[in-house]
Amino acid sequence: KQWYQRSVRVSSGINAEYGHMALGEYEEAKDALERTKKIRSRVYGKNHPLVASTMANLASVSYTMGDLKGAMSLNEEALEIQQACYSDAHPLVAVTIKNMAMIENSRGDYDKAKSLYERVLKMEEVIYGELHPAIASTLNNLADCVLEQGETAKAAVLFQRAMETNEIVYGREHPDVARNLNNLGRAFKEMGDYDGAKSKLTSALQMKQKRYGEAHINLVPTLMNLGDLFNLTKQPNKAREVLSRALKITEKKIGMKHPDAAKILRLLGNSFYLMGDLATSEKLLNKSLDILEQIYETDHPYILATRADLGSCTRPGAAQRIF
């Protein structure tokens, strides 16, 4: 009876954490996951697969909140347990390695991230075959990594393949398809196809708003890409509008210490630069840099690019390209 009661408490914690994550309430989700981890460790032992799964979920929340170091540590602990319990070609092992690749990508170590994604892709093709949403997810992440390395055409092909897989599996109105459209729009933007980018990004935003409402954290990446696009097409007022909306959502949902907050501030800084307000631009860029320096190493690409943008504020006409 006592064991059953403990199991019920564990299950309740799981339901709570997924509910909070779905609503974008990451602090609450983190608290629920930490409670679940403690209970599962007592009930099952510290090296049980369920404990590893909870640690992996906690790592995902930590990653979303911008704690890259904490997320990597949790994933490494989870992977050690999983590899002791399962074969190397196990879905949970693949998921944890994929999450570690995402962290490396965020850190700016694109070569390491690409190697991990390619390793996961081979594992998943053995596990699932070629047509599975897990493979679409890995293709999407690999494309993102390749895009950061400047291989825009290759990234677009990978994003397209991921989207086609998700459309077959889920249909065209699924959130993962919206995510793929957002990323395709980003790739088109980087290739200079601004009309194609706007079409993809607008469709992605409409799908997300229909699914999540007007103020969900999942809207932020698309709003950021639209803001960047408007800056590139010399429409800083439109950029300012969508970026201010993205910043408001970010501040409410995950706080101003998150990398996305820094990215939005930088994009806004570029908008004000284009409007000729160099003082406000410099202020926003300094705020962005302050956040980034708390998260990344000093040679991270985002820090170097933001410093370059700051230099442009004192050298009119030398504006730098932003991400």
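Owing to the predicted nature of the structure, the values given are computational and were not obtained by experimental measurement.

As a further point, take the packing of helix 14 (residues 278-295) against helix 15 (residues 301-313). The N-to-C vectors of helix 14 and helix 15 enclose an angle of 160°; their axes lie 9 Å apart at closest approach. Considering their axes alone, helix 14 and helix 15 lie roughly antiparallel with respect to each other. Our pair here, helix 14 against helix 15, has a crossing hand that is left-handed. Contacts between helix 14 and helix 15 involve L278, S281, E282, L285, N286, S288, L289, L292 and E293 from the former and Y302, I303, T306, R307, D309, L310 and C313 from the latter.

With 19 residues, helix 10 (residues 194-212) should cover 27 Å at 1.5 Å per step; its first-to-last C-alpha distance of 26 Å lies within 8% of that length. Those residues of helix 10 that sit buried are G196, A197, L201, A204, L205, M207, K208 and Q209. Contact partners of the buried residues in helix 10: helix 9 (175-191), helix 11 (220-232) and helix 12 (236-253). One or two steps after helix 10, the chain reaches G213, where phi turns positive at roughly 95°.

Mapped onto the secondary structure, V157 falls in helix 8 (residues 152-170). Sequence separation between V157 and L139 is 18 residues, and the spatial gap between their C-alpha atoms is 9.6 Å.

With that settled, consider the confidence of the model for the protein. Looking at the protein, the pLDDT average stands at 89 and 89% of residues meet or exceed 70. Put simply, helix 1 (residues 2-22) is where the protein has its lowest mean pLDDT, 49, and helix 11 is where it has its highest, 98. A low-confidence stretch, residues 1-12 (pLDDT under 50), is modelled with 9 contacts involving residues beyond four sequence positions or located in other chains. A low-confidence stretch, residues 317-323 stays under pLDDT 50, and its non-local contacts, those more than four residues away or across chains, total 26 contacts.

On the surface, a nonpolar cluster with roughly 370 Å² of combined accessible area is contributed by L131, I168, V169 and Y170. Inspection of the secondary structure puts V169 in helix 8.

Quick look at the layout of surface pockets now. If you add up the space inside the second largest pocket, you get close to 400 Å³. Lining the second largest pocket are 15 residues, and of these L68, R107, I295, Y296 and E297 lie nearest its centre. At the level of secondary structure, the elements contributing two or more residues to the lining of the second largest pocket comprise helix 4 (68-85) and helix 14. A breakdown of the residues in the lining of the second largest pocket according to their chemical character gives 4 nonpolar, 4 polar and 7 charged.

Looking now at the nonpolar core. One finds I97, F159, V220, L223, L243 and I264 to be the most contacted residues of the largest nonpolar core, which totals 89 residues. The residues contacting V220, other than those within four sequence positions of it, are A246, I249, T250, D260 and I264.

A word on the environment of D176. Mapped onto the fold, D176 is located in helix 9. The spacing of D176 and S137 is 39 residues in sequence and 8.4 Å in space, taken between C-alpha atoms. In this structure D176 touches N166 and Y170, once residues within four positions along its chain are discounted.

What follows deals with the packing of helix 8 against helix 9. Relative orientation of the contacting elements helix 8 and helix 9 amounts to 160°, with a least axis distance of 9 Å. In this view, helix 8 runs roughly antiparallel relative to helix 9, as classed from their interaxial angle. Here the hand of the crossing between helix 8 and helix 9 comes out left-handed. Counted together, T152, A153, A156, F159, Q160, A162, M163, N166, E167 and Y170 of helix 8 and D176, V177, N180, L181, N183, L184, A187, E190 and M191 of helix 9 form the full contact between these two elements. Across the contact of helix 8 with helix 9, the residue classes tally to 11 nonpolar, 5 polar and 3 charged.

Cut-offs used in this document
Counting restarts for each chain, with residues numbered from 1 along the sequence as it is written. Totals for whole chains, interfaces and linings use all residues, but because this is a predicted model, local features are given only for residues with pLDDT of at least 70 and pairs of side-chain atoms are given and counted only at 80 or more. Only hydrogens and water are set aside when side-chain values are computed; all heavy atoms of the structure are taken into account. Geometry is summarised by axes, namely lines fitted to C-alpha atoms with helices restricted to the contacting stretch, and by angles between N-to-C directions that run from 0 to 180 degrees. What counts as a helix is a DSSP run of H or I of at least four residues, what counts as a strand is a run of E of at least two, and both are numbered from the N terminus. Roughly parallel here means an angle under 35 degrees, roughly antiparallel means over 145, roughly perpendicular means 65 to 115, and every remaining angle is called oblique. Crossings are classed by handedness, with left-handed meaning an anticlockwise turn of the near helix from the far one by less than a right angle and right-handed meaning a clockwise turn. Only heavy atoms matter for contacts: two residues are in contact if any of them lie within 4.5 Å across the pair. Given a helix with a known number of residues, its expected span is that number minus one, times 1.5 Å. Type-normalised accessible area, obtained with a 1.4 Å probe on protein chains alone, sets the label of each residue: buried when under 20%, exposed when over 50%, and partly exposed for intermediate values. Confidence of the predictor in every single residue is expressed as pLDDT, which spans 0 to 100. Only residues whose relative accessible area exceeds 30% and that form no salt bridge enter a patch; like-charged residues are grouped when within 9 Å of one another, and nonpolar side chains (Val, Leu, Ile, Met, Phe, Trp, Tyr) when within 5 Å. A 1.4 Å probe and the Shrake-Rupley method give the accessible areas. Residues count as covered only by the protein chains that appear here. Here, a salt bridge means any Lys or Arg side-chain nitrogen found within 4 Å of an Asp or Glu carboxyl oxygen. Any residue with an atom within 4 Å of a point lines the site, the site being either a cavity, points on a 1 Å grid over the protein atoms alone where a 1.4 Å probe fits but cannot get out, or a pocket, an open set with protein on both sides within 12 Å along at least 5 of 7 lines. Grid points are joined across faces, edges and corners, and a volume is the space filled by probe spheres set on the points. Just so you know the grouping, Ala, Val, Leu, Ile, Met, Phe, Trp, Tyr, Cys and Pro go in nonpolar, Asp, Glu, Lys and Arg go in charged, and all remaining residues, Gly too, go in polar. Definition used in this section: a nonpolar core is a set of buried Ala, Val, Leu, Ile, Met, Phe, Trp, Tyr and Cys residues joined via side-chain atoms within 4.5 Å.

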